[in-house]
Amino acid sequence: MNILVEHPTKNGNNSSEVAAVSGQPTRLLDLPIELLQKIISNLPVSTIPNFMVNRFLLPICEQRLYETIMLWGLPRRTLRLLETFILRPDLALLVRHLTVEVSWANGSGECHDEVPDVLKADGVEALSLAKNIVSLTVDGFGDWMKAPAFSRFRDLLSNLKLTSLTIPWVPDPTYDLESLGSLEYEEEDREQEIVAEIRAVLQTQPRLEDLFFPSSYLSERILSILESDLLPSDVPNLKSLQADPRVAISFLAVSPGLESLTLFNTSWGDGLFFKLKVGSATIRSSLRRLAIRVWSSDEWFWVNLDKVFALFPNMETLYLAVDATTPYRSVQPAKYFFEKIVDPSRLLRSLQSIEFEYSSLLKGLSEVGMESVVALKTKCPHLKTIITPKNQMWLFQHGQEPSTDSVPTLVGPISLRWSQPESLFTDLPPLDER
């Protein structure tokens, strides 16, 4: 079907019907607004400005560009965005999911002297214009949960109705040099305060469904207090959690509706597994997606993988990322670790999709091969999709019986960033270089 971008007809006729009768090309602007929104939402971001010259498509394009903004590690692009919010408050209202880098706000960072006059020092005034945000990640503030300098940001956060939030890096008081230099410093009191601050932030967001807790070097004492003090009322609607396993354990017992769990790299062992086993009993029936990042050298994990899988029998989606980024040439290839998950996967009778990622500094180690893929399928009768390193997707036909004769269909390579120019993932140059 040929599609032309033209202005709608003025005579009130349904020109798409006329086009169908006469055999003329269908005009894009005659399509329903819902269909136009769907088309624009599936376009590469870099192509959308080409459509913004049309005044009918302009608001749809702006909604697509501003609905989700991810500027992690891009402080200068964040400055430009917040300046846009001040100049165009209507665009700020379009933002729903926001990730920004504001290292300049606390007087540090390489661009702290480039803050436009229209912005306040912390950028909170500009952020407050994005009143419809439901997902927020603010990087570069440091520990904004306590410092007096960030009181305005905490007030802003309490007024938002978020469904997704990233907790900032939480400093362990044992290594807090400023506190250590104070004669009034009491380590136990500060540990209690840290847990209280975490809970206070959570309590301001009763609609929270997705919580991202970056890896923090929290002491066993803080983790113990968090586990004992955290209540179901702190996270009444939590459905997705991303955290270090030691931190995640505190949330499992109070989140019976948890559907997705992401566990970061850690050193696995009997003690950690026991706590995870006790905590996971609450989410055993609800969890549908599990993601684990693990080091290739973690011997305990690879030996006891069947025990880990057995904790989540109703899992439908599994993501396993193996970190083999070691300079030593003795590292095993991806196929070795992929085959490690084949036999334990028999415990996952509901598994439908698995993504296996492998990262290494050495080349030529990422191949998995069809034999290993078929072997995994024989263990998981409902498995439909397998994604292996190099973005290869393997598909099994619906209803295909698991056997050694099964032949999967290879679709690939695939990529989520194929359509985005590299410039979107790099920061702007300094002012004096533009």
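Structural data are supplied above this passage.
I will try to describe carefully the structure that is included in this document. All figures in this text were calculated on a predicted structure; none of them were measured in a lab.

1. Let's talk about the overall build of the chain
A count of helical and extended segments in the chain gives 16 helices and 15 strands. Counting only residues that meet the buried cut, the chain has 43% of its 434 residues in that class. Approximately 22,600 Å² of the chain is accessible, and the part contributed by carbon and sulfur atoms is 52%.

2. Focus on the side chain of Arg76
Mapped onto the elements of the fold, Arg76 is located in helix 4 (residues 75-87). Given the relative accessible area of 6%, Arg76 is considered buried.

3. Describing unusual backbone geometry
For Lys390, which is not a glycine, the phi torsion comes out positive at approximately 70 degrees. Here Lys390 is to be found in the loop between strand 13 (385-388) and strand 14 (392-395). Here Asn391, not a glycine, exhibits a phi torsion of approximately 55 degrees, which is positive. Tracing the backbone shows Asn391 in the loop between strand 13 and strand 14. Given a relative accessible area of 35%, Asn391 falls into the partly exposed group.

4. Focus on helix 15 (residues 334-342)
Within helix 15, the full set of buried residues consists of Ala334, Phe337, Phe338, Ile341 and Val342. Down the axis of helix 15, the buried side of the element spans an arc of 160 degrees, and every buried residue falls inside it. Buried residues along helix 15 sit against helix 13 (299-303), helix 14 (305-310), strand 11 (317-324), strand 12 (353-360), helix 16 (370-379) and strand 13.

5. A short note on the pattern of salt bridges
Evaluation of the coordinates by the stated rule reveals 15 salt bridges. Note that Glu197 and Arg190 form a salt bridge whose closest N and O atoms lie 2.9 Å from each other. Classification of Glu197 as buried rests on a relative accessible area of 12%. On the basis of relative accessible area, Arg190 is assigned to the buried category, the value being 8%. Across the pair Lys379 and Asp343 runs a salt bridge whose closest N-O atoms are separated by 3.5 Å. With Lys379 in helix 16 and Asp343 in the loop between helix 15 and strand 12, this residue pair connects regions lying 36 residues apart in the sequence. Looking at Lys379, the relative accessible area reads 28%, which means it is partly exposed.

What counts and how
- Sequence order sets the numbering: in each chain, residues are counted from 1 along the sequence as written.
- Where local features are concerned, this predicted model is filtered to residues with pLDDT of at least 70; where side-chain atom pairs are given and counted, the filter is 80 or more; whole-chain, interface and lining totals use all residues.
- The side-chain figures draw on all heavy atoms in the structure; neither hydrogens nor water molecules are used.
- Numbering of helices and strands runs from the N terminus; a helix is a DSSP stretch of H or I covering at least four residues, while a strand is a stretch of E covering at least two.
- The buried label goes to any residue with under 20% of its type's maximum accessible area, the exposed label to any with over 50%, and the partly exposed label to all in between, with areas taken from a 1.4 Å probe on protein chains only.
- The method behind every accessible area is Shrake-Rupley, applied with a 1.4 Å probe, and residues are considered shielded solely by the protein chains displayed.
- This arc is built from the directions going out from the helix axis to the C-beta atoms.
- Note on contacts: a residue pair qualifies if any of its non-hydrogen atoms lie within 4.5 Å across the two residues.
- Think of a salt bridge as a Lys or Arg side-chain nitrogen and an Asp or Glu carboxyl oxygen that are within 4 Å of each other.

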